[in-house]
Amino acid sequence: MATLSPSSFTKNFNSSIDFPITSFQTFAIFGPKLKTEQTHFRLSTSFNVRTGSPLELKAMKEPPGLTQKLDKNRLDRLAESENGCDLFEDLKHRFLRFKKHKFEENLGHFQNLAEGQAPKFMIIACADSRVCPSVILGFQPGEAFMVRNVANLVPPFESGPSETNAALEFAVNSLKVENILVIGHSRCGGIRALMSMQDEVDSSSFIRSWVIVGKNARLNTKSAASHLGFDQQCRHCEKESVDHSLLNLLTYPWIEQKVAKGELSVHGGYYDFVDCTFEKWTLDYKGSNFGKNSRLPVKNRFYWC
Amino acid sequence: MGSLEEAIEGLKKFLSDKDDAAVAKIKKLITGLQERDPNEFDPVKRILEGFQHFKINKFDKHPKLYDKLAEGQWPKFLVFACSDSRVCPSHILDFQPGEAFMVRNIANMVPAFDKLKYSGVGAAIEYAVSVLEVQNILVIGHSRCGGIKRLMTHPEDNSAPFDFIDEWVKIGLPAKVKVQAEFGDLPLEDQCKHCEKQSVKLSLCNLETYPYVQMGLANKKLRLMGGYYDFVHGKFELLEFEPHFHHLFST
């Protein structure tokens, strides 16, 4: 398939693209398409609410019975939205609910947070829509610096710069978090892709290029669990991969130093959303006994159900 | 701290009727518990309480939903948000389990297609668009972003380099150049704010360099949106990005 080169987008990008923050000009979301030759942005809805100021809804009128709609089971709301108007309205109302029930009710706390963050956790979790740590572990604003990628993988230091280790550098060296928690989960599509990979390299897929970071976990799984069915092997690999990510964390000198000094704790976790259970374990670092090829020494293993 | 006192009282009850070895162990446990600073942060306790709250108040209360989610996910959104602890979209936009496939990285950046350098982001986009078939991609920037501030100030401030952070935020250089050209006379804080927004637009443009995104846009199955969360003033802005199409040829 044709791939447009980045240079054509540079050209478009350098043309004047406004991000109007003071202009509340809106365009009809439905109706005749806007005829333009230029890449453009349009302001769909601006929900800019200060306490006491009127709500500015220009895209469409509020539907009657809005209060009743807000009371409906909001888990079904997006499923009901078939058109873009509802989608934007829905996002707007979600933000306004957050603003009313969390932001304004804890204004002092949010004002403090606006000045700076001091989270005690850095979390590395999967991008899977079912496993957000803010939901499953109840992290509130300010508590957890969070990286989410496919299969919650941590590449080793020697693999060079990546988005995951940029975040590690910031969290550990700048924010000085005290805990890193890598959370794996059940039925992970990324791990399944890793376990399904044929040995020959398929260069056409991004997914394969990324999940190969977990290749040692796959190797260990194949040797330890080859007698199990594929689903059980994947489950084994999901946990094995967390352990390997913990080992990879220690390949970063500034992480190992802090762990050795007791300033930083490294934990693994596993969320099973089939049974709703959570396992957690902590890396037991004892310097000279630590080797890359040895089993990961752990302590304080908990299983909550 | 009621539970701590209860635990200690419970252990004390055992002291009277156990053998010496057990008594010694129990005494050691009691001492350990008594020496605990009630104000000391306990990460394990924090995680456990959070999980228990989720299980009791969400998972157990919506069995049909969670049974369905155990079988698969059908999120309508792919979201890119910053790793900043203050801006989780599950809070500010109330995304529930199953609704949003979520990538979080420093400064919520989407680099242009590059299989060697940026396989992590590419994998997330490929999975979300080709496998999960999300209908919307939303990139959310935010106020007082540390990553954007780093982009705007380094290396001009002569600070020591951060090997990985600096390499990553370089993705936003075109946004920095544009902001400095247009708003270079403004104070740094204002320039950063402009760059936070310009970087979202840059990321949306970069999304277009991924073949699966191009196909989704061409087939009108995908929408691209940019958001900006201002946690200083409690505001949220949303924009839709509509790229134009090159008509290449007809046969």
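In this text, all values refer to a predicted model and were calculated from it rather than measured experimentally.

Draft legend 1. Structural context of the overall build of chain B. When its secondary structure is counted, chain B shows 11 helices and five strands. Excluding contacts between residues fewer than 6 apart, the proportion of contacts in chain B whose partners are at least 24 apart in sequence is 65%.

Draft legend 2. Examining the overall build of chain A more closely. Of regular secondary structure, chain A possesses 12 helices and seven strands. Put simply, chain A has 305 residues, and 51% of those count as buried. When contacts within chain A are restricted to residue pairs at least 6 apart in sequence, long-range pairs at least 24 apart make up 61% of them. Carbon and sulfur atoms make up 51% of the accessible area of chain A, which amounts to about 14500 Å² in all.

Draft legend 3. How the structure looks around the packing of helix α10 (residues 215–225) of chain A against helix α11 (residues 230–249) of chain A. Residues and elements named next belong to chain A. One way to put it is that α10 packs onto α11 with a least axis distance of 8 Å and a crossing angle of 135 degrees. Here α10 is positioned oblique relative to α11, judged by the angle of their axes. The handedness of the crossing between α10 and α11 is right-handed. Within the contact between the two elements, α10 uses Asn216, Ala217, Arg218, Asn220, Thr221, Lys222, Ala224 and Ala225 and α11 uses Gln233, His236, Cys237, Glu240, Ser241 and His244.

Draft legend 4. A look at the interface of chain A and chain B. Counting residues at the interface gives 112 residues for chain A, matched by 100 residues for chain B. Interface of chain A and chain B: buried area, both sides summed, is about 9900 Å²; carbon and sulfur atoms make up 65% of it. On the surface where chain A and chain B come into contact, there are five salt bridges. With a shortest N-O distance of 2.8 Å, Glu99 of chain B and Arg94 of chain A are connected by a salt bridge. Inspection of the region where chain A meets chain B yields 32 residue pairs in polar contact (both at pLDDT 80 or more).

Draft legend 5. Representation of the pattern of salt bridges within the structure. With the rule as written, the count across this model stands at 23 salt bridges over all chains. A salt bridge links Arg235 of chain A to Asp272 of chain A; its shortest N-O distance comes to 2.9 Å. In this pair, Arg235 of chain A sits in helix α11 while Asp272 of chain A sits in strand β5 (residues 265–272), placing the two residues 37 residues apart along the sequence. A relative accessible area of 27% means that Arg235 of chain A is categorised as partly exposed. Given the relative accessible area of 1%, Asp272 of chain A is considered buried. Via salt bridges that share partners, Asp90 and Arg94 of chain A together with Glu99 of chain B belong to a single interconnected network.

Draft legend 6. Summary view of the packing of aromatic side chains. Residue and element names in this part refer to chain B. Within this structure, the stated rule accounts for 31 aromatic pairs over all chains. Ring plane angle 45 degrees and centroid distance 6.3 Å describe the contact between Phe51 and Phe54, whose orientation is recorded as tilted. With Phe51 and Phe54 both in helix α3 (residues 43–59), this residue pair falls three residues apart, about one helical turn. In this structure, Phe51 and Phe54 share a single accessibility class: buried.

Draft legend 7. Expanded view of the state of the cysteines. Residue and element names in this part refer to chain A. For the coordinates displayed, the defined rule picks out zero disulfides over all chains. Its sulfur unpaired, Cys126 is 4.1 Å from the next cysteine sulfur, which belongs to Cys188. For Cys126, a relative accessible area of 5% puts it in the buried group.

Draft legend 8. Spatial organisation of the packing of helix α7 (residues 146–153) of chain B against helix α10 (residues 188–207) of chain B. Residue and element names in this part refer to chain B. Where α7 contacts α10, the two axes come as close as 9 Å, and the packing angle between them is 115 degrees. Considering their axes alone, α7 and α10 lie roughly perpendicular with respect to each other. Crossing geometry of α7 relative to α10 is assigned as right-handed. Contact residues: α7 offers Ile148, Lys149, Leu151, Met152 and Thr153, while α10 offers Leu188, Gln191, Cys192, Cys195, Glu196 and Ser199. Class assignment of the residues belonging to the contact of α7 with α10 gives a composition of six nonpolar, three polar and two charged.

Draft legend 9. Layout of helix α6 (residues 119–131) of chain B. Residues and elements named next belong to chain B. Of all 13 residues in α6, 11 are buried, a share of seventy percent or more. For α6, the full list of buried residues reads Ser119, Gly120, Val121, Gly122, Ala123, Ala124, Ile125, Glu126, Tyr127, Ala128 and Val129. Glu133 sits one or two residues past α6 and shows a positive phi near 55 degrees.

Draft legend 10. Representation of the confidence of the model for chain B within the structure. Chain-level pLDDT for chain B is 88 on average; 82% of the residues reach the 70-or-more range. Two summary scores accompany this predicted model of the complex, namely pTM at 0.79 and ipTM at 0.83.

Draft legend 11. Main features of the pairing of strand β5 (residues 235–242) of chain B. All names here are of chain B. Most of β5 is tucked away, with seven of its eight residues classed as buried. Summarising the sheet, strand β4 (residues 223–230) and β5 pair through seven bridges and their orientation is antiparallel. Pairing of Asp230 across the sheet is with Lys235, part of β5. Where β4 folds back on β5, the antiparallel hairpin that results is connected by four residues, among which Gly234 adopts a positive phi of roughly 70 degrees.

Thresholds, definitions, all that
Residues numbered from 1 in each chain as written. Chains lettered and ligands numbered in written order. Predicted model: local features only at pLDDT ≥ 70, side-chain atom pairs only at ≥ 80, totals over all residues. Heavy atoms only, no water. Helix = DSSP H or I, 4+ residues; strand = E, 2+ residues; numbered from the N terminus. Contact = heavy atoms within 4.5 Å. Buried < 20%, exposed > 50% of the residue type's maximum accessible area, 1.4 Å probe, protein only. Areas by Shrake-Rupley, 256 points an atom, 1.4 Å probe, with all protein chains shown as cover. Axes fitted to C-alpha atoms, helices over the stretch in contact; angles between N-to-C directions. Parallel < 35°, antiparallel > 145°, perpendicular 65-115°, else oblique. Left-handed = near helix turned anticlockwise from the far one by under 90°. Buried area = accessible area lost by both parts, 1.4 Å probe. Salt bridge = Lys/Arg side-chain N within 4 Å of Asp/Glu carboxyl O. Polar contact = N/O pair within 3.5 Å; in protein donor to acceptor, adjacent residues only side chain to side chain. Phe/Tyr/Trp six-rings, centres within 6.5 Å; stacked < 30°, edge-to-face > 60°. Disulfide = S-S within 2.5 Å. Nonpolar A, V, L, I, M, F, W, Y, C, P; charged D, E, K, R; others polar. pLDDT = per-residue confidence, 0-100. Pairing = 2+ DSSP bridges.

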